[in-house]
Amino acid sequence: MQDKGQEKMQQATPQTMVLTNSALLKYTMFSIVFAAFTLLIIILPAEYDIDPTGIGHELGLTIFHQGKDASADQLLTLEASKKSKGDSETIEVLVPAGRGVEYKFIMAQYQNLEYEWITDGAALYFDLHGEPEGDTTGYFESYAIATLSEMKGSFTAPFSGSQGWYWKNTTDSPITVQLIVKGEYAQHGLK
């Protein structure tokens, strides 16, 4: 009986493990490979938006870097608005028969836009409005709603986002709007 008790005590006693040079080299190589794998798959995509394998994008890690790009985009927006501030620009917008179109300017809060528009024919229903940047609820704020063939004025963006016109053509012929703008904005185009 004592032999079985001594056997159990010997099994419970921790044994010392001695690493040989080859085992130590094997574990070191494994650690280096694991570190390189972690760098390529996780760290580079998340921190620097460098994704040589494409796995970082699939795992959703590149989204972390997009927040850092926003400040760079804001700098580009400021540069573009400085360039656009002093120049007037003439834009032609075709509003198809029986349809409506939206033409928007991307503006930062408190930027100003002077505008004048005139149609080549009949009056159009329009809604001059803005949509806040990043809003997903569909909210918009109208500044002017009427049916006219021309309008001249200016407005200051109350919030950052897209600002512009919705024109609706209720006639049977297309109508061209000549839009002349001068002010501060980053970009513009049909929405």
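Remember, it's a predicted structure, so these values are computed and weren't measured experimentally. (Residues numbered from 1 in each chain as written. Predicted model: local features only at pLDDT ≥ 70, side-chain atom pairs only at ≥ 80, totals over all residues. Heavy atoms only, no water.)

Soluble globular proteins: nonpolar side chains tend toward being buried together. Counting residues in each nonpolar core, the largest one holds 24 residues, and the members touching the most others are Phe105, Tyr115, Trp117, Trp165, Trp167 and Leu179. Elements that contribute at least two residues to this core include exactly strand E1 (88-95), strand E2 (100-107), strand E3 (112-119), strand E4 (124-132), strand E6 (150-156), strand E7 (161-168) and strand E8 (175-183). Ignoring anything within four residues of it in the chain, the contact list for Trp167 reads Val93, Val95, Arg99, Gly100, Val101, Tyr103, Trp117, Leu124, Tyr125, Phe126, Val177 and Leu179. (Core = buried A, V, L, I, M, F, W, Y, C linked by side-chain atoms within 4.5 Å. Buried < 20%, exposed > 50% of the residue type's maximum accessible area, 1.4 Å probe, protein only. Helix = DSSP H or I, 4+ residues; strand = E, 2+ residues; numbered from the N terminus. Contact = heavy atoms within 4.5 Å.)

With that settled, the discussion passes to the sheet that holds E8. Where strands meet in a sheet, backbone hydrogen bonds hold them as pairs that are either parallel or antiparallel. Pairing is antiparallel across the open sheet formed by four strands, whose spatial order is E1-E8-E3-E6. The open sheet is flanked by E1 and E6, the only strands paired with a single partner. When strand polarity is set aside, the average angle formed by the axes of neighbouring strands in this sheet is 20 degrees. Bridge count between E3 and E6: seven bridges; the pairing is antiparallel. Bridge pairing in E6 places Tyr115 opposite Gly153. (Pairing = 2+ DSSP bridges. Axes fitted to C-alpha atoms, helices over the stretch in contact; angles between N-to-C directions.)

Let us look at the confidence of the model for the protein chain. This prediction gives the protein chain a mean pLDDT of 83; 80% of its residues lie at or above 70. Predicted confidence is poor over residues 67-73, with pLDDT under 50, and the contacts of this stretch with residues over four places away or in other chains come to two contacts. (pLDDT = per-residue confidence, 0-100.)

Relative to the helices and strands, Glu141 resides in strand E5 (residues 141-148). Remark: the alpha-carbon pair of Glu141 and Asp127, spanning 14 residues in sequence, is separated by 9.7 Å. The contacts of Glu141, once residues within four sequence positions are left out, are Leu128, His129, Gly130 and Phe159. Here the side chain of Glu141 touches Tyr139 through a polar contact of 3.3 Å, side chain to side chain. (Polar contact = N/O pair within 3.5 Å; in protein donor to acceptor, adjacent residues only side chain to side chain.)

As summarised here, the arrangement of the five strands in space is E5-E4-E7-E2-E9, forming an open sheet in which the pairing is antiparallel. The sheet terminates laterally at E5 and strand E9 (187-190), the two strands that pair on one side only. Sheet twist, expressed as the mean angle between neighbouring strand axes with direction ignored, is 15 degrees. Sheet analysis places E4 next to E5, joined by seven bridges and oriented antiparallel. The residue of E5 that forms the bridge with Tyr125 is Thr147.

A word on the packing of aromatic side chains. Following the criterion strictly, the structure yields eleven aromatic pairs and no others. Arranged with centres 6.5 Å apart and planes meeting at 20 degrees, the rings of Phe30 and Phe34 form a pair that is stacked. Of the two residues, Phe30 and Phe34 both sit in helix H2 (residues 21-48), four residues apart, roughly one turn of that helix. Comparing Phe30 with Phe34, the two get one shared label, exposed. Through a chain of ring-to-ring contacts, the aromatic side chains of Tyr103, Phe105, Tyr115, Trp117, Phe126, Tyr143, Phe155, Trp165, Trp167 and Tyr185 assemble into a single cluster. Lys26 extends its terminal NZ or CZ atom over the ring of Tyr27, reaching a point 5.7 Å from the ring centre. (Phe/Tyr/Trp six-rings, centres within 6.5 Å; stacked < 30°, edge-to-face > 60°. Lys NZ or Arg CZ within 6 Å of the ring centre and 35° of its normal.)

What the rule picks out here adds up to three salt bridges. Residue Glu131 pairs with Lys191 through a salt bridge whose shortest N-O separation is 2.5 Å. Here Glu131 is found in strand E4, whereas its partner Lys191 is found in the segment after E9, with 60 residues between them in sequence. Among the residues examined, Lys191 registers a relative accessible area of 59% and is labelled exposed. The structure contains a network of salt bridges with shared partners spanning Glu102, Lys104, Glu131 and Lys191. (Salt bridge = Lys/Arg side-chain N within 4 Å of Asp/Glu carboxyl O.)

Okay, a nonpolar patch on the surface next. A contiguous nonpolar surface patch, about 450 Å² in accessible area, is contributed by Leu39, Ile42, Ile43, Tyr48 and Ile50. Tracing the backbone shows Ile42 in helix H2. (Patch = residues over 30% accessible without salt bridge, like charges linked within 9 Å, V, L, I, M, F, W, Y side chains within 5 Å. Areas by Shrake-Rupley, 256 points an atom, 1.4 Å probe, with all protein chains shown as cover.)

Checked against the element boundaries, Thr119 lands in strand E3. Between the alpha carbons of Thr119 and Val177 there is a distance of 4.4 Å; along the sequence they are 58 residues apart. Setting aside anything within four residues of it in sequence, one finds Thr119 in contact with Leu124, Ser149, Ile175, Thr176 and Val177. Within the structure, Thr119 has its side chain in polar contact with the backbone oxygen of Gly121 (distance 3.1 Å).

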